[in-house]
Amino acid sequence: MYDEFNQYITEFSDENSKNDFWYDVGAIRATEILSEFTHQDWEVLLKEISNKTVEWKRNLAYCLDDANNIYELRALLLLIDTDDEELIEVCADSLRSFINAENKQLILSNKRFIENIRIKMNCCGNATRAVFADFLQRLSK
């Protein structure tokens, strides 16, 4: 399944190919493929994630929202080690559904990511600021 997912998401990872189709249909199909992943598929994804383009990483982060899937959390924790503003935003948005008593410390341990969010809150748009504020509020509970 990893190969199918990689091929599928790669088709949408060209900066020029991003369009509403990804958000309306593509991400749904990518999420469906992820739901069929085995332990081995996840391990391959986690191993390969650092070799992927930023756009591929953004697309992946956009698909991760299963708070019961530890592999999705592990993937997001790898993705948050970035300076890419859009990837930071997508990761913060996705991570909101993963914040619980068990995961909070894992997320908070990436001080650079948390600091990036605090800095970017001062110069981002209202929608992004709302995502960041909600993310930080959930972490502080």
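Scoring rules and cut-offs
- Residues numbered from 1 in each chain as written.
- Predicted model: local features only at pLDDT ≥ 70, side-chain atom pairs only at ≥ 80, totals over all residues.
- Heavy atoms only, no water.
- Core = buried A, V, L, I, M, F, W, Y, C linked by side-chain atoms within 4.5 Å.
- Buried < 20%, exposed > 50% of the residue type's maximum accessible area, 1.4 Å probe, protein only.
- Helix = DSSP H or I, 4+ residues; strand = E, 2+ residues; numbered from the N terminus.
- Phe/Tyr/Trp six-rings, centres within 6.5 Å; stacked < 30°, edge-to-face > 60°.
- Lys NZ or Arg CZ within 6 Å of the ring centre and 35° of its normal.
- Contact = heavy atoms within 4.5 Å.
- Polar contact = N/O pair within 3.5 Å; in protein donor to acceptor, adjacent residues only side chain to side chain.
- Axes fitted to C-alpha atoms, helices over the stretch in contact; angles between N-to-C directions.
- Parallel < 35°, antiparallel > 145°, perpendicular 65-115°, else oblique.
- Nonpolar A, V, L, I, M, F, W, Y, C, P; charged D, E, K, R; others polar.

- Under an unreviewed UniProt entry, the protein has the name HEAT repeat domain-containing protein and belongs to Paenibacillus albidus.

**Here we look at the nonpolar core**
- The biggest cluster of nonpolar side chains holds 44 residues, and the ones touching the most others in it are Phe5, Leu45, Leu60, Phe113 and Phe135.
- Of all the elements in the fold, those that place two or more residues in this core are helix H1 (2-11), helix H2 (20-35), helix H3 (39-48), helix H4 (54-63), helix H5 (70-79), helix H6 (85-95), helix H8 (111-120) and helix H9 (126-140).
- Element by element, the count of residues in this core is highest for H6, at 6 residues.

**Some details on the environment of His39**
- Within the secondary structure, His39 sits in helix H3.
- For the pair His39 and Tyr71, spaced 32 residues apart in the sequence, the C-alpha separation amounts to 8.5 Å.

**Regarding the packing of aromatic side chains**
- As enumerated under the stated definition, the model contains 8 aromatic pairs in all.
- Where Tyr23 meets Tyr62, the ring centres are 5.0 Å apart and the plane angle is 85°; that geometry is what we call edge-to-face. Here Tyr62 lies in helix H4 and Tyr23 lies in helix H2, a separation of 39 residues in the sequence.
- Members of the aromatic cluster, each reached through a chain of ring pairs, are Phe5, Phe37, Trp42, Trp56 and Tyr71.
- Above the plane of the ring of Trp56 lies Lys52, whose end atom (NZ or CZ) is 5.2 Å from the centre.

**Re H6**
- Three or more residues of H6 are buried, namely Leu87, Ile88, Val90, Cys91, Ala92, Ser94 and Leu95.
- The secondary structure elements touched by the buried residues of H6 are H4, H5, helix H7 (104-108), H8 and H9.

**Quick notes on the side chain of Asn103**
- Relative to the helices and strands, Asn103 resides in the loop between H6 and H7.
- For Asn103, a relative accessible area of 6% corresponds to the buried category.
- From its side chain, Asn103 meets the backbone oxygen of Phe98 in a polar contact 2.9 Å long.
- With residues up to four places along the chain from it excluded, the contact list for Asn103 reads Leu73 and Phe98.

**Concerning the packing of H2 against H4**
- Packing of H2 against H4 brings their axes to within 9 Å, and their N-to-C directions diverge by 75°. In terms of orientation, H2 lies roughly perpendicular with respect to H4. Facing Trp22, Tyr23, Ala27, Ala30, Thr31 and Leu34 of H2, the residues of H4 in contact are Asn59, Leu60, Tyr62 and Cys63.
- Taken together, the residues of the contact of H2 with H4 sort by class into 8 nonpolar, 2 polar and no charged.

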